[in-house]
Amino acid sequence: EALARYDRHWEAHGFGRLAVVDRTTDELVGRTGVMRQPDWDATACKDEIGWAIAPAQWGKGIATEAATAALSDVFERAGLERVVSFALPANTASLRVMARLGFVPEGTAEWKGKPVEWHVYPGATHCWDCENLDRFRKTDFRGTAVEYRYDRAVTKDSGERLFEFLARTLKR
């Protein structure tokens, strides 16, 4: 269900969720990407970036790097001008990622029945350094090698792992 929804979103908008894969192990370690949220009412901008990284990978900068690649894609290729991000107030790790990415706090709102802090990225004014997003590879300053990718073959191949990862993450 989730993968089909992601695929429909890509077809409709030309952007969406990206799998985050550790290229040294080919292990799926998370997801990131921008999704249009039609039910988001706090601002006119409904394009929201989010991320979920496996707990064993936390603290390695993967969420920040993956979100940077996703932002580069939607600003440069998809032509978006603004993106929002929101998180529960207790999710301080995501709030720190937003700050590192340059998001500006805007306020609080309700999302799916829960209070969230929402931030806005000021616009497509950065000069992003990104290769082809279909297989964007990077080694971070800690030496962690990660690959960000979305294409039909990868999605079909890693679909079950992505669904299982999302199911585990959402149950926590």
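Fair warning: this is a prediction, and the values are worked out from it, not measured in the lab.

Rules used in this analysis
- Residues numbered from 1 in each chain as written.
- Predicted model: local features only at pLDDT ≥ 70, side-chain atom pairs only at ≥ 80, totals over all residues.
- Heavy atoms only, no water.
- Helix = DSSP H or I, 4+ residues; strand = E, 2+ residues; numbered from the N terminus.
- Expected span 1.5 Å × (residues − 1).
- Buried < 20%, exposed > 50% of the residue type's maximum accessible area, 1.4 Å probe, protein only.
- Arc of directions from axis to C-beta.

A. Expanded view of helix H1 (residues 2-13). For H1, spanning 12 residues, the distance from its first C-alpha to its last is 16 Å, which sits close to the expected 16 Å at 1.5 Å a residue. Those residues of H1 that sit buried are Ala-2, Tyr-6, His-9 and Trp-10. Down the axis, H1 shows its buried residues gathered within 100 degrees of arc, on one side only. Turned more than 90 degrees away from the buried face of H1, the exposed residues are Glu-11 and Ala-12. Looking one or two places after H1, you find Gly-14, whose phi comes out positive at around 80 degrees.

B. Representation of unusual backbone geometry within the structure. In the Ramachandran plot, Asp-26 falls in the positive-phi region, its phi being about 60 degrees despite a non-glycine side chain. Looking at where Asp-26 falls in the secondary structure, it is placed in the loop between strand S1 (17-22) and strand S2 (27-36). Taking relative accessible area as the criterion, Asp-26 reaches 38% and is therefore assigned partly exposed. If you check the backbone angles, Lys-112 has positive phi at about 55 degrees while not being a glycine. Position of Lys-112 among the secondary structure elements: in the loop between strand S5 (104-111) and strand S6 (114-121).

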